[in-house]
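Notes for the structure review
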Amino acid sequence: MRAAILAIGSELLGTERLDTNSLRLTAALDRHGVELRKKSVVGDSEAELAAEVRALLGRVDLLLVTGGLGPTADDVTREAVAAALGRGLHLDPEVSAALEARFRAFVRRMPEVNRRQAQVIDGAVVLPNAHGTAPGLRIDTRWEEREATIFLFPGVPHELEGMIADALEPWLAERSAGTARSSVTLKISGLPESEVEERIAPAYEEFGRESITILAGGGEIKLIATAAGPEGERTARLAVMADRLALLAGDAVYTRNADDTLEQVVGELLRQAKATLATAESCTGGLLAERLTRIAGSSDYFPGGVVTYSNAEKSRLLGVPPELLAEHGAVSEPVARAMAEGARRSFSTDYGIGITGVAGPGGGSEEKPVGTIHVAVAGPGGRVAHRRFRFPGGRERVRWFASQLALEILRRLLLDVSRPAGSTADPGQVAKAVESLWR
Ligand code: AMP
Ligand code: MG
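These lines cover the structure that appears in this document, whether it is placed above or below.

Parameters and conventions
- Residues numbered from 1 in each chain as written.
- Chains lettered and ligands numbered in written order.
- Predicted model: local features only at pLDDT ≥ 70, side-chain atom pairs only at ≥ 80, totals over all residues.
- Heavy atoms only, no water.
- Near = heavy atom within 4 Å.
- Polar contact = N/O pair within 3.5 Å; in protein donor to acceptor, adjacent residues only side chain to side chain.
- Areas by Shrake-Rupley, 256 points an atom, 1.4 Å probe, with all protein chains shown as cover.
- Nonpolar A, V, L, I, M, F, W, Y, C, P; charged D, E, K, R; others polar.
- 1 Å grid on protein atoms, 1.4 Å probe; cavity = no way out; pocket = protein on both sides within 12 Å on 5 of 7 lines; lining within 4 Å.
- Points joined across faces, edges and corners; volume = space filled by probe spheres on them.
- Helix = DSSP H or I, 4+ residues; strand = E, 2+ residues; numbered from the N terminus.
- Pairing = 2+ DSSP bridges.
- Axes fitted to C-alpha atoms, helices over the stretch in contact; angles between N-to-C directions.
- Core = buried A, V, L, I, M, F, W, Y, C linked by side-chain atoms within 4.5 Å.
- Buried < 20%, exposed > 50% of the residue type's maximum accessible area, 1.4 Å probe, protein only.
- Contact = heavy atoms within 4.5 Å.

1. Looking at the site of ligand 1
Taken together, 14 residues sit near ligand 1, with Glu11, Arg17, Asp19, Gly68 and Gly155 positioned nearest. One nitrogen or oxygen atom from the side chain of Asp19 is found 2.8 Å from a nitrogen atom belonging to ligand 1. Computed on the free molecule, ligand 1 has an accessible area of 490 Å², of which 82% lies beneath the protein chains in the complex. Looking at side-chain class alone, the shell around ligand 1 contains five nonpolar, five polar and four charged residues.

Here you go:
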C-alpha cells in the first residue's frame, strides 16, 4: 500500500505554524509498514485542494487528509474532496444530533455555523471524534481503475491523535497483517558526508538505494537503514544492514542507538577504562564541559574544567608559559598542547583536553582565519594528540564543531583502551589508528 498525506490550512503556508500532524500520521503508517510516498501542504482554497486531492489519488492507494473540518468559512475540506470525487454532500441527521448533544453536555447552545460540520460526503463512513466537534470521514472509492481510500481528519492535534488511535490504527492493522516499518540509526563523527557515502556505497547495491538515508548535521552523520515486514524478519534484516554498514563505515561509527550522544558514548568509554578527564577551554567557553556534564553521573570521570579566555589566565591557571603565548599566539598547536597538559596536571586526571581557536566573526588573520581550531588531548605517559582544523560557519557552529572534534579525538584514543561492547573493529587496526593519532 502506498500512502500520501495532505495537510490543509493557510496558516501552515505561513511562518507561524509547522505541519506536525503529518509526523503523527507517518508514525502510524510506519507501525503498519505502509510506505509514505508524498506529503503536501495546501492552504484553505477549495480549488487548490480539489486539484491536489485528484493529483494524489492518481499516485497512491491511501490518502490521509488533516485539517479544514472546522465550522468556519475557511474550512473547505469537505466541499473540496466532494468536488474532487464528483460526489455530493448531505446533512447527516445523526451527526447533527450528536453535535447538538455535545454542546448540551457543555451547557452551551450550538452556534448555527457548527451545523456545517454535520455535512457528510455522499457514501462516506462517519468516524466519531471523541475529543471534538468535527467528525472524521472515510471514503472508499475507485480511482483510475484502482481501489483507493481517503481519510479526512480534524487538524486540531489532540483530536487527530485520538482519531489515529480510534479509526486509523484499527483500519491499518486489519490490512497490515503484523507488518511494520522501522529503522536503525548509526551515528558517525569525524568523517565528512561524502566520505561516509563512499565507504558505504556497496550497501546501496546490496540493500537497495531507498532503504538507506544519510543525514548530516551538527558535526555528525546519521546513517538510517529502514526495513518493512513482519517483526522477526524485519529485525533480522535491520541487524544485517546495521552490521554491514558498521563494517563499511569502520570505527567512525560511535553508536547504533539514535538516542545516544557523543558525550554519552565518550563518558561510557572513560568509565569502562576507569579513566578521568579534565578540560581547558578557550574559544568554546565551557561548551565541552557543559556537554560532558549533561550526562548524569559524569562526576565519576569528569572532576572539572576551566575556561581560560585571556592569555594571562591560560598562564596563571594552566601554567601555559607566557613565552609560548608570545611566540606562537593563543591559537596555536603549542598552546593547545600546553592547555591540555595543564588541565591534566591541575585536576590530576588521566586525560586533559585543550581547545583554542578563532570562533569569529572577527579576530581572523591570513595565517589563522576564522574557524581555525586547535584541539589537543593529553594522555597517560605524557603523550599528547593534536589536531588542527578549520570549520566553516558562524560562531555558534564553529564552537559546536570544536567541542565535537575534541570528543571525537578522545573517543578514538579510548577505543584502544576500552573495547566497546559489540565492536567489530580489528584490534590491530584500532591500535594502529590510535598510535597515529598520538603522533
Ligand atoms: P482546522 O481543523 O484546520 O480548523 O485546524 C485547527 C487547529 O489545528 C489550528 O490551530 C491549526 O493551526 C491546527 N492544525 C491544523 N492542521 C495542522 C497540522 N497539519 N499540524 C499542526 N497543527 C495543525
Ligand atoms: Mg484550518
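2. What about the layout of surface pockets?
Estimates place the volume of the largest pocket at around 670 Å³. Ser189, Gly190, Leu191, Phe389 and Leu405 are, among the 29 residues lining the largest pocket, the residues nearest its centre. At the level of secondary structure, the elements contributing two or more residues to the lining of the largest pocket comprise strand 10 (212-217), strand 11 (220-230), strand 17 (384-390), helix 13 (395-417) and helix 14 (427-438). Looking at which element gives the most residues to the lining of the largest pocket, the answer is helix 13, with eight residues. Residue composition of the lining of the largest pocket, by class: 15 nonpolar, seven polar and seven charged.

3. Concerning the sheet that holds strand 2 (residues 35-42)
Read across the sheet, six strands follow the order 2-1-3-8-7-6 without closing on themselves; strand pairing throughout is mixed. Lying at the two open borders of the sheet, with one neighbouring strand each, are strand 2 and strand 6 (125-127). Between one strand axis and the next, the sheet turns through 20° on average, direction left out of account.

4. Section: the nonpolar core
Within the largest apolar cluster, 39 residues are counted, with the highest numbers of intra-cluster contacts made by Leu270, Tyr351, Ile353, Ile355 and Leu410. For this core, the secondary-structure elements that each account for two or more residues are helix 8 (262-272), helix 9 (287-292), strand 15 (351-357), strand 16 (372-378), helix 13 and helix 14. With eleven residues, helix 13 is the single largest residue contributor to this core. When neighbours within four sequence positions are excluded, Ile353 is seen to be in contact with Leu277, Ala278, Thr279, Ala280, Leu288, Ala340, Ala343, Val375, Ala376, Val377, Ala406 and Leu410. Grouped together as the second largest cluster of nonpolar side chains are 34 residues, Leu56, Ala124, Trp143 and Ile150 included.

5. Quick look at unusual backbone geometry
Cis geometry marks the peptide bond from Gly360 to Pro361, where omega comes out at 0°. With respect to the element layout, Pro361 can be found in the loop between strand 15 and strand 16. For Val107, which is not glycine, the phi dihedral falls at a positive 50°. By secondary structure assignment, the location of Val107 is in the loop between helix 4 (93-105) and strand 5 (119-121). Among the residues examined, Val107 registers a relative accessible area of 75% and is labelled exposed. Phi at Lys274 is positive, roughly 50°, even though this residue is not glycine. Take Lys274: it is sitting in the loop between helix 8 and strand 13 (277-281). The exposed category is assigned to Lys274, whose relative accessible area is 74%.

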